[in-house]
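Listed below are the residues making up each chain.
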Amino acid sequence: MNRAVWFQASPEGAKAVGTLHHFVTKSTGLPSLLTHLVFLRVSQINGCAHCIDIHTRDLLAEGMSVEKLVLIPVWHEAQYLFSEQERAALAWCEEVTLVNETHASDEAYSAALAVFGEKDLVDLTLTIAAMNAINRMGVSFRMKPRAKS
């Protein structure tokens with residue numbers, strides 16, 4: 001079934017989502033690689049093929065090794081490959097993306113806060129929220145990945 005091209009059907013809505021995306025990619029103190037790591041992990045959890053494709057390419061362009069990239073879904077088992085900040089971001093990313101299950105527990109919040117501080121944790125949470133919103137649009141409207149066979 002063909003679905004609407006959401007950003008053409010609602011340019012104002014797309015602009016609003018784009019404004020948040022622009023803020024989290026350009027105006028926070030978070031490293032670009034960390035932002036794309038979070039974008040990819042959120043997209044993996046949500047099953048957004050379009051976004052997984054984009055953010056995998058972004059991380060490769062930022063210099064992440066293929067060996068590390070392929071282990072992001074199982075980062076708990078390969079923690080030694082990820083910095084303390086990356087591990088904290090991945091854990092908080094899962095906590096927030098799966099908020100219906102986790103309820104953003106006090107333990108997870110305290111752990112993330114200890115690594116990021118208040119401002120960066122709020123910015124990280126906005127980054128996670130932005131990608132969750134984009135994933136929901138991408139999945140709902142079946143945005144195709146750029147990948148070719």
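So, here is what we can say about the structure in this document.

Conventions we followed
Residues numbered from 1 in each chain as written. Predicted model: local features only at pLDDT ≥ 70, side-chain atom pairs only at ≥ 80, totals over all residues. Heavy atoms only, no water. Helix = DSSP H or I, 4+ residues; strand = E, 2+ residues; numbered from the N terminus. Buried < 20%, exposed > 50% of the residue type's maximum accessible area, 1.4 Å probe, protein only. Contact = heavy atoms within 4.5 Å. Polar contact = N/O pair within 3.5 Å; in protein donor to acceptor, adjacent residues only side chain to side chain. Core = buried A, V, L, I, M, F, W, Y, C linked by side-chain atoms within 4.5 Å. Salt bridge = Lys/Arg side-chain N within 4 Å of Asp/Glu carboxyl O. Phe/Tyr/Trp six-rings, centres within 6.5 Å; stacked < 30°, edge-to-face > 60°.

### So, the side chain of Lys68
So, point 1. Relative to the assigned elements, Lys68 resides in helix α5 (residues 66-69).
So, point 2. The exposure class assigned to Lys68 is buried, which follows from its relative accessible area of 14%.
So, point 3. When sequence neighbours within four positions are dropped, the list of residues in contact with Lys68 reads Leu81, Phe82 and Glu86.

### What about the environment of Gln85?
So, point 1. With respect to the element layout, Gln85 can be found in helix α6 (residues 84-97).
So, point 2. Taking relative accessible area as the criterion, Gln85 reaches 28% and is therefore assigned partly exposed.
So, point 3. Here the alpha-carbon distance between Gln85 and Cys48, two residues 37 residues apart in the chain, equals 24 Å.
So, point 4. Those residues in contact with Gln85, other than ones at most four positions away along the chain, are Pro31, Leu34, Val115 and Phe116.

### Quick notes on the environment of Ser83
So, point 1. Relative to the helices and strands, Ser83 resides in the loop between α5 and α6.
So, point 2. Judged by relative accessible area, Ser83 falls into the partly exposed class, the value being 35%.
So, point 3. Separated by 22 residues in the primary sequence, Ser83 and Ala61 have C-alpha atoms spaced 19 Å apart.

### A word on the side chain of His50
So, point 1. Within the secondary structure, His50 sits in helix α4 (residues 49-61).
So, point 2. For His50, the side chain forms a polar contact with the main-chain oxygen of Lys144, separated by 2.8 Å.
So, point 3. If we ignore the near neighbours within four places in the chain, the residues touching His50 are Met143, Lys144 and Pro145.

### A few points about the nonpolar core
So, point 1. Counting residues in hydrophobic clusters, the biggest one holds 31 residues, and the most contacted among them are Ile72, Trp92, Phe116, Leu124 and Ile128.
So, point 2. Discounting residues that sit within four places of it in the chain, Phe116 has contacts with Leu30, Leu34, Gln85, Ala88, Ala89, Leu121 and Leu124.

### Overview of the pattern of salt bridges
So, point 1. Under the criterion given, the structure shown has four salt bridges.
So, point 2. Glu94 is paired through a salt bridge with Arg41; the nearest N and O atoms lie 2.9 Å apart. Of this pair, Glu94 sits in helix α6 while Arg41 sits in helix α3 (residues 32-46), and the two are 53 residues apart along the sequence.
So, point 3. In this structure, Glu86 and Lys68 form a salt bridge, with 2.9 Å as the shortest nitrogen-oxygen distance. You can see Glu86 sitting in helix α6 and its partner Lys68 sitting in helix α5, a full 18 residues away along the chain.
So, point 4. A relative accessible area of 9% means that Glu86 is categorised as buried.

### Notes on the packing of aromatic side chains
So, point 1. For the structure shown, the criterion picks out two aromatic pairs.
So, point 2. Judged by centre distance (5.7 Å) and plane angle (80°), the rings of Trp6 and Phe7 are edge-to-face.
So, point 3. Residue Trp6 is classed as buried on the basis of its relative accessible area, which comes to 11%.
So, point 4. Here Phe7 falls in the partly exposed class, since its relative accessible area comes to 39%.
So, point 5. Their ring planes at 65° and their centres at 6.0 Å tell us that Trp92 and Tyr109 sit as a pair that is edge-to-face.

Any functional reading would require information that these geometric values do not contain.
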